[in-house]
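What follows is each chain in one-letter form.
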Amino acid sequence: MIEIFTTGGTIDKVYFDALSEFQIGPAAIPDMLRENNVHVPHRVTQLMRKDSLELDDADRAAIRAAVEDSAASHILVTHGTDTMVVTGRVLAGIAGKTIVMTGAMQPASVRASDAEFNVGFALAAAQTLPPGVYIAMNGMIFDPATTEKDRAAGRFVADRG
């Protein structure tokens with residue numbers, strides 16, 4: 001079984017016409033999995049609905065506690081891309097679990113989103129990688145300890161630094 005924790009981020013943003021802006025809505029992943037005929041046993045728990053830039057140490061501690069307390073050994077965390085690496089580093093050291101984080105550069109609700117690909121890729125990674133913490137973005141697997149988001153390029157890259 002794969003335990004899926006959602007935290008918000010761009011993947012869950014929806015457009016509100018009256019406000020002329022995107023806001024974080026309900027978790028997109030349950031509908032995405034159903035619509036794409038995904039049958040891997042899973043459970044989705046929405047931990048929070050925040051932009052990752054709004055996450056603080058208490059939020060990251062709550063994410064870590066949820067992962068630690070889960071009986072599942074395969075975990076998927078959807079998360080905003082801006083601070084995904086930071087949270088990934090907080091999750092380091094949890095023994096016996098494969099923890100894969102993913103998100104999207106465009107909301108799942110828009111046609112040209114990378115959300116469905118990233119979630120499918122992350123689900124496969126969670127089932128096949130050895131225990132540890134990983135970021136699954138841009139068709140690649142990254143180690144949060146040595147990764148950064150290149151905002152200009154709109155992708156994750158190995159740390160240059």
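Residues numbered from 1 in each chain as written. Predicted model: local features only at pLDDT ≥ 70, side-chain atom pairs only at ≥ 80, totals over all residues. Heavy atoms only, no water.

Let's shift gears to the nonpolar core. Within the largest apolar cluster, 20 residues are counted, with the highest numbers of intra-cluster contacts made by Val67, Ile75, Val77, Leu91, Ile99, Ile135 and Phe156. Secondary-structure elements contributing two or more residues to this core are helix 2 (57-69), strand 5 (74-78), helix 3 (84-90), strand 6 (98-102) and strand 7 (132-137). Residues in contact with Ile75, not counting those within four places in the same chain, are Glu3, Phe5, Val67, Ser70, Lys97, Thr98, Ile99, Val100 and Ala126. (Core = buried A, V, L, I, M, F, W, Y, C linked by side-chain atoms within 4.5 Å. Buried < 20%, exposed > 50% of the residue type's maximum accessible area, 1.4 Å probe, protein only. Helix = DSSP H or I, 4+ residues; strand = E, 2+ residues; numbered from the N terminus. Contact = heavy atoms within 4.5 Å.)

Further remarks concern the packing of aromatic side chains. We describe a pair of aromatic rings using the distance from one ring centre to the other and the angle between the two ring planes. All told, the structure shown has two aromatic pairs when counted by the stated rule. Ring geometry for Phe117 and Phe121: centres 5.9 Å apart, planes at 10°, overall stacked. A residue pair is termed a helical-turn pair when its members lie 3 or 4 positions apart in one helix, as Phe117 and Phe121 do in helix 4 (residues 115-128) at four residues. Exposure remark for Phe117: the relative accessible area of 52% places this residue in the exposed category. (Phe/Tyr/Trp six-rings, centres within 6.5 Å; stacked < 30°, edge-to-face > 60°.)

This part takes up the sheet that holds strand 5. On the basis of which strands lie adjacent, the open sheet formed by six strands has the order 4-1-5-6-7-8 and mixed pairing. Looking at the sheet topology across the chains shown, the edges are occupied by strand 4 (42-50) and strand 8 (140-142). Ignoring which end each strand starts from, the neighbouring axes of this sheet average 25° apart. The pairing of strand 6 with strand 7 spans four bridges and is classified as parallel. Its bridge partner lying in strand 7, Met101 is registered against Ile135. (Pairing = 2+ DSSP bridges. Axes fitted to C-alpha atoms, helices over the stretch in contact; angles between N-to-C directions.)

Within this structure, the stated rule accounts for six salt bridges. When salt bridges that share partners are traced, they join Asp82, Lys149 and Arg151 into one network. (Salt bridge = Lys/Arg side-chain N within 4 Å of Asp/Glu carboxyl O.)

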